[in-house]
Amino acid sequence: MSVSDFTPQPVLRDDIFNGQGAVVSGAGSGIGRAIALRLCALGMAVTGFGRREDALKETADLAADMPGSFDFEALNVRDTEALDAAMARSGDRHGINLLVNNAGGQFFAPATKISRKGWDSVLDLNLSAVFSATKSAYPYLKAAQGAVVNISLSGIDRGSMGLAHSVAARAGVLGLTRTLALEWAGDGIRLNCLGPGTVVTAGLSDEAARQMLDSLVAATPMGRTTSVEEVAELTAFLASPAGALMTGQLIQIDGAAHLGPGLHMIDGGSNE
Ligand SMILES: CCCCCCCCCCC/C=C/C(=O)SCCNC(=O)CCNC(=O)[C@H](O)C(C)(C)COP(=O)(O)OP(=O)(O)OC[C@H]1O[C@@H](n2cnc3c(N)ncnc32)[C@H](O)[C@@H]1OP(=O)(O)O
Ligand SMILES: NC(=O)C1=CN([C@@H]2O[C@H](COP(=O)(O)OP(=O)(O)OC[C@H]3O[C@@H](n4cnc5c(N)ncnc54)[C@H](OP(=O)(O)O)[C@@H]3O)[C@@H](O)[C@H]2O)C=CC1
């Protein structure tokens, strides 16, 4: 097994985001925390969203001595009213040059074991909340000619066993991303999706997932997991002037897992 803590060499100037603002959902752990901290290190004023105040507070403590700043709003992104209000507060405070829709997740089950309620929950979190957050951030993104990065999943263009609801939601996000890349291009707003492969975070820490880790690495041609720092660096790159003409894309950061044999054939569970 090869679990990666690979930290990429920084490619961006330290003050590249001075005077800019960002919103990162799911900033209290894993990928979202790494993105928030990297943006703070590059001078950004970041607002983190998430349900657990204690987790967000930990991110704030880690960001305390950084050039940028980190404040947070404890909320459920599935609560549209709370989301709209928090987005407006953050936008009014420091603008929104970058929105990172990272909060997400699902449970692993074959489609025959997914109830309508389970389907709706996953679609609500991974698709509808992304629509709400992005629409809510629009006036601020327009004012800043900003960018949106949607954290997706490697392999969504070909399906993934045990993840029917999540792959459908994230394929929906890709469609939304491409449509808004067209509708908002005239406003100077860019939107992209990042598809990480396996990333070892708390989200993959339950016993079932840990037992699958060897198979997930074996199904990754480059032979290792994706580190949270790699996802964070690419997010920062997309928000920077280096990404100025990149929009409407799905960029898979997965060591070629999406090309095969891939994570998509990992057994999603029995129909029996
Ligand atoms: C086994 C390991 C296989 C590895 C395969 C590897 C694939 C490649 C790597 C993929 C990498 C992806 C990683 C990540 O996404 S990391 C982040 C992971 N973290 C999470 O996913 C946690 C987030 N999940 C949630 O927040 C919730 O589960 C969710 C939003 C999805 C639902 O929340 P809600 O509070 O609305 O849900 P309820 O508890 O009220 O349940 C709603 C209905 O859903 C049904 N349900 C829940 N769990 C299951 C299950 N395991 N199987 C079937 N159905 C389930 C639940 O029963 C409710 O429906 P009913 O009332 O009809 O019963
Ligand atoms: N780990 C992996 O292998 C991969 C992960 N991904 C995706 O990357 C994203 C981040 O996952 P990762 O960092 O691994 O996992 P984590 O479980 O660590 O992160 C998920 C974050 O989302 C937040 N969140 C979840 N539901 C809600 C909600 N309803 N409202 C507000 N915040 C919410 C959680 O905070 P809180 O609980 O405090 O609300 C948590 O901080 C997810 O979309 C995941 O599906 C994609 C590919 C691979």
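Residues numbered from 1 in each chain as written. Chains lettered and ligands numbered in written order. Predicted model: local features only at pLDDT ≥ 70, side-chain atom pairs only at ≥ 80, totals over all residues.

## Section: the site of ligand 1
Looking at ligand 1, there are 23 residues lining it, with Gly 105, Ser 115, Gly 118, Ser 121 and Gly 203 nearest. Only α4 (116–144) and α6 (207–218) provide two or more residues apiece to the shell around ligand 1. The element that contributes the greatest number of residues to the shell around ligand 1 is α4, accounting for five residues. Looking at the shell around ligand 1 residue by residue, the classes come out as 13 nonpolar, eight polar and two charged. (Near = placed C-beta within 6 Å. Helix = DSSP H or I, 4+ residues; strand = E, 2+ residues; numbered from the N terminus. Nonpolar A, V, L, I, M, F, W, Y, C, P; charged D, E, K, R; others polar.)

## Remarks on the site of ligand 2
Every one of the 29 residues lining ligand 2 counts as a neighbour, but Gly 26, Gly 30, Arg 51, Gly 104 and Gly 203 are closest to it. When residues in the shell around ligand 2 are grouped by element, the largest group, three residues, is from helix α1 (residues 30–41). Grouping the amino acids of the shell around ligand 2 by side-chain chemistry returns twelve nonpolar, 14 polar and three charged.

## Considering the pairing of strand β4 (residues 98–101)
Side chains Leu 98 and Val 100 project from β4 onto one buried face, and the interleaved Leu 99 and Asn 101 project onto a second face that is buried too. Examined bridge by bridge, β4 and strand β5 (residues 147–151) share four bridges and lie parallel to one another. Note on β5: the bridge partner recorded for Asn 101 is Asn 150. What joins β4 to β5 is α4, and the crossover it makes is right-handed. (Buried ≥ 20, exposed ≤ 12 C-beta atoms within 10 Å, placed from the backbone. Pairing = 2+ DSSP bridges. Right-handed = clockwise from strand over helix to strand, strands pointing away.)

## A closer look at the nonpolar core
Core analysis: the biggest nonpolar cluster contains 64 residues, and Ala 36 and Leu 39 have the highest contact counts within it. When residues in this core are grouped by element, the largest group, ten residues, is from α4. The contact partners of Leu 39, leaving out residues within four places of it in the chain, are Phe 17, Ala 22, Met 44, Val 46, Gly 68 and Ala 236. Formed by five residues, the second largest nonpolar core is a distinct cluster that contains Leu 153, Ile 156, Leu 163 and Ala 164. (Core = buried A, V, L, I, M, F, W, Y, C linked by C-beta atoms within 7 Å. Contact = placed C-beta atoms within 7 Å.)

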